[in-house]
Amino acid sequence: MDTRIIEEKFKSLFGDNYMVYTSPGRVNLIGEHTDYNGGFVFPGAIDKGIYAAINPNGTDKVRAYSADYNEQVEFGMNEDDAPKESWARYIFGVCREMKKRGFEPKGFDTVFVGDVPLGAGMSSSAALESTFANALNEIFNLNIDRFELARIGQSTEHNYCGVKCGIMDQFASVFGKKGHLMRLNCATMEFEYFPFNPEGYKVVLLDTVVKHELASSAYNKRRESCENACAHIKARHPEVNFLSDATMAMLEEVKSEISEEDYKRAVYVIGEKQRVLDVCDALEKGDYETVGDRMFGTHYGMSKEYEVSCEELDFLNDVAKQCGVTGSRVMGGGFGGCTINLVKEELYDGFIATAKKEYLAKFNREPKVYDVVISDGARRIK
Ligand code: GLA
């Protein structure tokens, strides 16, 4: 990304002194809706992110300009000073969450831009939160550790943006490492970097360009179902702290106590735990066929049990299957956005051409195509 656009704008609005920070969006190979259930996730940071020129301004106000929206907003750091613009609430939330934890960011000027497609399931919002969490931490010498930076982003999402998300996106955006995926245990926050270079395969995202209304309330509802199923299991098995700790047999014991809907959600989560473990084993052996098989399994679960897919995503998943793609599934929270596809190099061109043609014929527009490049996490670039 050429950052001149934000640098020139910053100079014209606020002067010549600034630094430039960036944080990326993410992909996730497998382990979806497992983070808030204490399970494993397998994300990596991507080469698309948010870029911000930023400088302290010696006041207690924030002056922020979004180059994507061509909008400038000024706000303070107290609850009464909250901005109305939804993009600015992410920045405000980060400041507030720092303050709640006893850190004291001061006023600053900023101009920012992004190239993570919005609403495509690549976590543009986590990229925004992490960019500012990391930048404020550095420019005001707050000494916040990187796990806490991720949690500040997550709490921003909970308390200022209405999504009761897990930790995966902010974690990936902060901790990303070029060429590596990360396997994170969301119950303990232990993680490992996995070199990811599937020789002979490509990883590609197909964006349905569908963004569903009410995605955040549907997301929160899924989380409630999981917590409810977990509470019932815990009443019989006190050692179960998260739904991912439970087995299918434990779930069967409480089946008659919970709604059919909550039961289906829990079946998905417990199944997903095993799929992630299978993928870990398979990756160690370089067995990408098993990786792909489990990805299709996740898609089925997300579509039929967790019910966070949609017609367009299911369609692209079917096309992938017909084209002999190794693995394909809806990525991220769901309700629109992308499929992530693991495809043999020799099948790549044919797959993309067929997916474009068939999607256009059915939905009257082409899906967008993004080749995945696994990149570094939150950092200063200038
Ligand atoms: C969204 C949330 C994450 C995670 C995924 C689904 O991206 O922000 O915390 O729950 O959905 O895996």
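Note that the coordinates shown come from a computational prediction; the quantities given were computed from them, not determined experimentally. (Residues numbered from 1 in each chain as written. Predicted model: local features only at pLDDT ≥ 70, side-chain atom pairs only at ≥ 80, totals over all residues. Heavy atoms only, no water.)

**Student:** Could you clarify how one ought to interpret the overall build of the protein in this entry?
**Tutor:** A tally of regular secondary structure across the protein gives eleven helices and 13 strands. A compact globule built from 382 residues would reach a C-alpha radius of gyration of about 21 Å, and the protein, at 21 Å, matches this within 12%. The C-alpha extent of the protein, read off along each of the three principal axes, is 60 × 50 × 40 Å. Within the protein, the proportion of its 382 residues that are buried is 59%. When the accessible area of the protein is evaluated, it comes to approximately 15,700 Å², of which 46% is carbon and sulfur surface. Distance between charge centroids for the protein: 2 Å, based on 46 positive and 60 negative side chains. (Helix = DSSP H or I, 4+ residues; strand = E, 2+ residues; numbered from the N terminus. Rg over C-alpha atoms; globule rule 2.2 N^0.38 Å. Buried < 20%, exposed > 50% of the residue type's maximum accessible area, 1.4 Å probe, protein only. Areas by Shrake-Rupley, 256 points an atom, 1.4 Å probe, with all protein chains shown as cover. Lys, Arg positive; Asp, Glu negative; His and termini not counted. Charge placed at Lys NZ, Arg CZ, Asp CG, Glu CD.)

**Student:** Would you take a moment to explain the site of the ligand for this structure?
**Tutor:** R26, E32, H33, D35, Y36, C165, G166, M168, D169, Y219, G332 and G333 make up every residue found near the ligand. A distance of 2.6 Å separates an oxygen atom of the ligand from a polar atom in the backbone of H33. Contacts to the ligand include D169, whose side-chain N or O atom sits 2.7 Å from an oxygen atom. Contact with the protein chains removes 92% of the 300 Å² of surface that the ligand exposes when unbound. When grouped by side-chain class, the residues that make up the shell around the ligand number four nonpolar, four polar and four charged. Both domains that furnish three or more residues to the shell around the ligand are identified here as domain 1 (4–196 + 376–380) and domain 2 (201–371). (Near = heavy atom within 4 Å. Polar contact = N/O pair within 3.5 Å; in protein donor to acceptor, adjacent residues only side chain to side chain. Nonpolar A, V, L, I, M, F, W, Y, C, P; charged D, E, K, R; others polar. Domains from an automatic or database assignment.)

**Student:** Help me out: how do you make sense of empty space enclosed by the protein in this one?
**Tutor:** Where empty space is left can be seen by rolling a probe of water-molecule size over the atoms. Applying the stated rule across the entire model yields two cavities of 30 Å³ or more. Lining the largest cavity, in full, are I46, D47, K48, M122, L205, Y370, D371, V372 and V373. Within the residue set of the lining of the largest cavity, elements represented by two or more residues are β3 (43–56) and β12 (368–371). Counting residues per element, the lining of the largest cavity draws most heavily on β3, which supplies three residues. The residue makeup of the lining of the largest cavity, split by class, is six nonpolar, no polar and three charged. Looking at which domains feed residues into the lining of the largest cavity, each of domain 1 (4–196 + 376–380) and domain 2 (201–371) supplies at least three. Of the voids in this model, the second largest cavity is the one considered here, and its volume is about 30 Å³. Forming the walls of the second largest cavity are V27, L29, L181, F196, V203, I340, V372 and I374. (1 Å grid on protein atoms, 1.4 Å probe; cavity = no way out; pocket = protein on both sides within 12 Å on 5 of 7 lines; lining within 4 Å. Points joined across faces, edges and corners; volume = space filled by probe spheres on them.)

**Student:** What's the story with the packing of helix α3 (residues 124–139) against helix α5 (residues 168–175) in this structure? I'm lost.
**Tutor:** For any two helices packed against each other, the geometry is given by the interaxial angle and the distance between the axes. Packing of α3 against α5 brings their axes to within 9 Å, and their N-to-C directions diverge by 50°. Here α3 lies oblique to α5, going by the angle between them. Classified by chirality, the crossing of α5 by α3 is right-handed. Residue-level contacts link A126, A127, E129 and S130 of α3 to D169, Q170, S173 and V174 of α5. Taken together, the residues of the contact of α3 with α5 break down into three nonpolar, three polar and two charged. (Axes fitted to C-alpha atoms, helices over the stretch in contact; angles between N-to-C directions. Parallel < 35°, antiparallel > 145°, perpendicular 65-115°, else oblique. Left-handed = near helix turned anticlockwise from the far one by under 90°. Contact = heavy atoms within 4.5 Å.)

**Student:** Help me out: how do you make sense of the side chain of S225 in this one?
**Tutor:** Along the chain, the position of S225 falls in helix α6 (residues 215–236). Among the polar contacts made by the side chain of S225, one reaches the side chain of D262 at a distance of 2.7 Å.

**Student:** Mind showing me how you'd approach the environment of M122 here?
**Tutor:** Position of M122 among the secondary structure elements: in the loop between β6 (108–114) and α3. The contact partners of M122, leaving out residues within four places of it in the chain, are G25, R26, I46, V116, P117, L205, M331, C338 and Y370.

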